[in-house]
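Examination of the molecular architecture
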Amino acid sequence: MKLLTHNLLSSHVRGVGPRGFPLRLEATEVRVIPVEFNPDFVARMIPKVEWAALLEAADHLRLAEVPKGPTQGYEQDETFLRKMHHVLLEVEVVEGTLQCPESGRVFPITRGIPNMLLNEEETQT
Amino acid sequence: MSDVQEATNQLLHVNLHENQRYIHVTESVPRSESEHLRVTIGATVPTGFEQVAADEVREKLRSSCKISKDRGKIYFDISVESLAQVHRLRSVDNLFVVVQELKDFQFKETKEKVLKDFEELAGKLPWSDPLKVWKINTSFKKKKTKRKKLNQNLSKEKIDNGGDKGDERDVKKELSNNALDSHILDYYEKPAIKEEISTLVGDILASCKNENDESSKEDTEPEVLKFRVTCNRAGEKHCFSSNEAARDFGGAVQDYFKWKADMTNFDVEVLLNIHDNEVIVGIALTEESLHRRNITHFGPTTLRSTLAYGMLRLCAPQPSDIIVDPMCGTGAIPIEGATEWSNCFHIAGDNNPLAVNRAANNISSLLTKSQIKEGKLSWGLPIDAIQWDICNLPLRTGSVDIIVTDMPFGKRMGSKKRNWNLYPACLWEMSRICKPGTGRAALLTQDKKCFTKALSGMEHVWRKVHTVWVNIGGLHAAVYLLNRTPQAFVHPSGQDKEELLSAKND
């Protein structure tokens, strides 16, 4: 699971609503897999990123050199874009967990795939 | 300008033209002649997606298309230099070069006379240019075969070392302990589905066996070509069958070229396509996938990659769009997406653990293919897989730009009764995650009645823009293109949602 995906995920435990974001990320196995750098893609992604969530996740993975926010004129700043590219697309959580900040419910990540299924009771109205 | 100057100009003008003409003549010397050949190519596409395919042709080949009345076919002109690019088109299933198009074929009254006409036709057709194209195409395919053979060993290693088999055994053990529906387990184990998955993942990994056969023929230049005739006939007023036409036309072709007829191991496949009064003779440039034939026999399962491509293209993905398939099955759509629109981010999700694992494996295998192709080591793609429930997606509201999915038909998977509850819940949840105003969805389903009912009453969030009628292995299905309205999603309380959803079932 990449950090860009983590940025889109939110807990759907009943009653939690928007307080289910962001999921707290812990990892026991992380892999770095290079992905082709597309500066246009990264530049357009920046406005869509939820920064606080990204920084928190990156922090939990103990990633270095993570920009704290978009810099002035970031669209042309290749260094900045490459760092963001790395953080968003190249860091893969292979084994770990995602925890709902509101309910405490834990979702496992196995072989890079988060299992977000809830039980019957957790989804019933 | 003085008279002299004007005369000089005219003279220069004339000389220039003559030079150009001279150059043109030297260009048409046999060696380079075939490269400047222009031919008409026919392509078969998923029925209903002719326009989408035509758009792709215009974009990638800069050629305009003629869409045939014979559904599922488009025609366009190219110069032979573009042949490689033609093979890279993602919306076409099969390609052929047109020998001749006979627009208004006058069928005689008796079968004997019609078949005689077909026999006589064989000798009158302009075969030479199309055959040149066929030859270029064959040598081009042989080059691909050589490269693939080299890579075969590489990729085979990867399959053996990869944790594929191990993972599946673990997952299956888990599942059998949890009394999951056994028919779902069996579904993904069906050989036909496994085969189809391999085609998705790429020729390199799948058609190793075929390549072995081809390459053994490669070295010895065959003296006598082997051929077959395939006839497709559609129309009510014909007094003959496609087999009869193929047989008699084939007989004449054999006499004319002195080729050897062979139905299975052929070099040249001659196509005789008859649609009402239109007869088109062509030579195949691609092989009809044997996988496809098996799949049709078992019933449609994994979505054809050409259809997946067509559905994605309908949504006009923009750079950095987030594209989600919330019921991805084995991942046909997101995989096609990650390959063709690598400037977007793709998410494949499904509730079935076997499906998600398959999708993840297919993604890994894709990585292997691009590794080999570009000589890059272990490069990843902008795609992720998640296990989730479509009715309760763990995605932020309004975070997704495009949703493309193949909804349960009720005949292959699930049931019609289940669709009545599933469809409204799906559309609801999809409207939540989809970005208001700019978001869109392309949804494939055979249960058109259920879908239409579920959609009505959701006009405040979904607006139907276009419907494409498609044929999936004999089933009449539809792809609905929806635009997400600008209205923001309102989270109702649990009770309201239940009421709203059940009201739609009345």
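Residues numbered from 1 in each chain as written. Chains lettered and ligands numbered in written order. Predicted model: local features only at pLDDT ≥ 70, side-chain atom pairs only at ≥ 80, totals over all residues. Heavy atoms only, no water.

Moving on, we get to the interface of chain A and chain B. The partner chain B presents 38 residues to the 33 residues of chain A that form the contact. A per-residue breakdown of the area chain A buries against chain B is headed by A:Leu8, A:Arg111 and A:Ile113, which together make up 23% of the total. Here chain A and chain B share 2 salt bridges between them. In this structure, B:Arg396 engages A:Glu50 in a salt bridge whose closest nitrogen and oxygen atoms are separated by 3.8 Å. Taken together, the connections running from chain A to chain B amount to 11 residue pairs in polar contact (both at pLDDT 80 or more). Put simply, the parts of the chain that give the side of chain A that touches chain B at least two residues each are helix 1 (3–8), helix 2 (39–45) and strand 4 (113–114) of chain A. For the side of chain A that touches chain B, the residue count by class is 16 nonpolar, 9 polar and 8 charged. (Contact = heavy atoms within 4.5 Å. Buried area = accessible area lost by both parts, 1.4 Å probe. Salt bridge = Lys/Arg side-chain N within 4 Å of Asp/Glu carboxyl O. Polar contact = N/O pair within 3.5 Å; in protein donor to acceptor, adjacent residues only side chain to side chain. Helix = DSSP H or I, 4+ residues; strand = E, 2+ residues; numbered from the N terminus. Nonpolar A, V, L, I, M, F, W, Y, C, P; charged D, E, K, R; others polar.)

This next bit is on empty space enclosed by the protein. Space left empty within the atom packing is revealed by a probe, the size of a water molecule, rolled over the atoms. All names here are of chain B. Counted under the stated rule, the structure contains 1 cavity of 30 Å³ or more. Approximately 30 Å³ is the volume found for the largest cavity. Looking at the largest cavity, the residues that line it are Ser68, Asp70, Lys73, Tyr75, Asn273, Ile274, His275, Glu278 and Ile280. When residues of the lining of the largest cavity are traced back to their parent elements, those giving at least two are strand 3 (73–79), strand 7 (268–275) and strand 8 (278–284). Per element, the largest residue contribution to the lining of the largest cavity is 3 residues, and it comes from strand 7. (1 Å grid on protein atoms, 1.4 Å probe; cavity = no way out; pocket = protein on both sides within 12 Å on 5 of 7 lines; lining within 4 Å. Points joined across faces, edges and corners; volume = space filled by probe spheres on them.)

Residues and elements named next belong to chain B. Of all 8 residues in strand 7, 8 are buried, a share of seventy percent or more. Alternating residues of strand 7 divide into Val268, Val270, Leu272 and Ile274 and Glu269, Leu271, Asn273 and His275, and every residue in both groups is buried. Looking at chain direction, strand 5 (residues 226–234) and strand 7 are connected through 8 bridges and run parallel. By the bridge assignment, arginine 228 is partnered in strand 7 with glutamate 269. In the sheet, strand 7 pairs with strand 8 via 6 bridges, with the strands oriented antiparallel. Of the residues in strand 8, the one forming a bridge with isoleucine 274 is valine 279. What sits between strand 7 and strand 8 in their antiparallel hairpin is a turn of 2 residues, with aspartate 276 showing a positive phi close to 55°. (Buried < 20%, exposed > 50% of the residue type's maximum accessible area, 1.4 Å probe, protein only. Pairing = 2+ DSSP bridges.)

Relative to the helices and strands, A:Ser10 is located in the loop between helix 1 and strand 1 (24–32). Taking the relative accessible area as the measure of exposure, A:Ser10 reaches 8% and is therefore buried.

For an α-helix, 3.6 residues make a turn, and residues three or four places apart therefore share a direction. Of all 9 residues that make up helix 15 (residues 332–340) of chain B, 7 are buried, and the element is covered over most of its length. Within the span of helix 15 of chain B, buried status applies to B:Ala332, B:Ile333, B:Pro334, B:Ile335, B:Glu336, B:Gly337 and B:Ala338.

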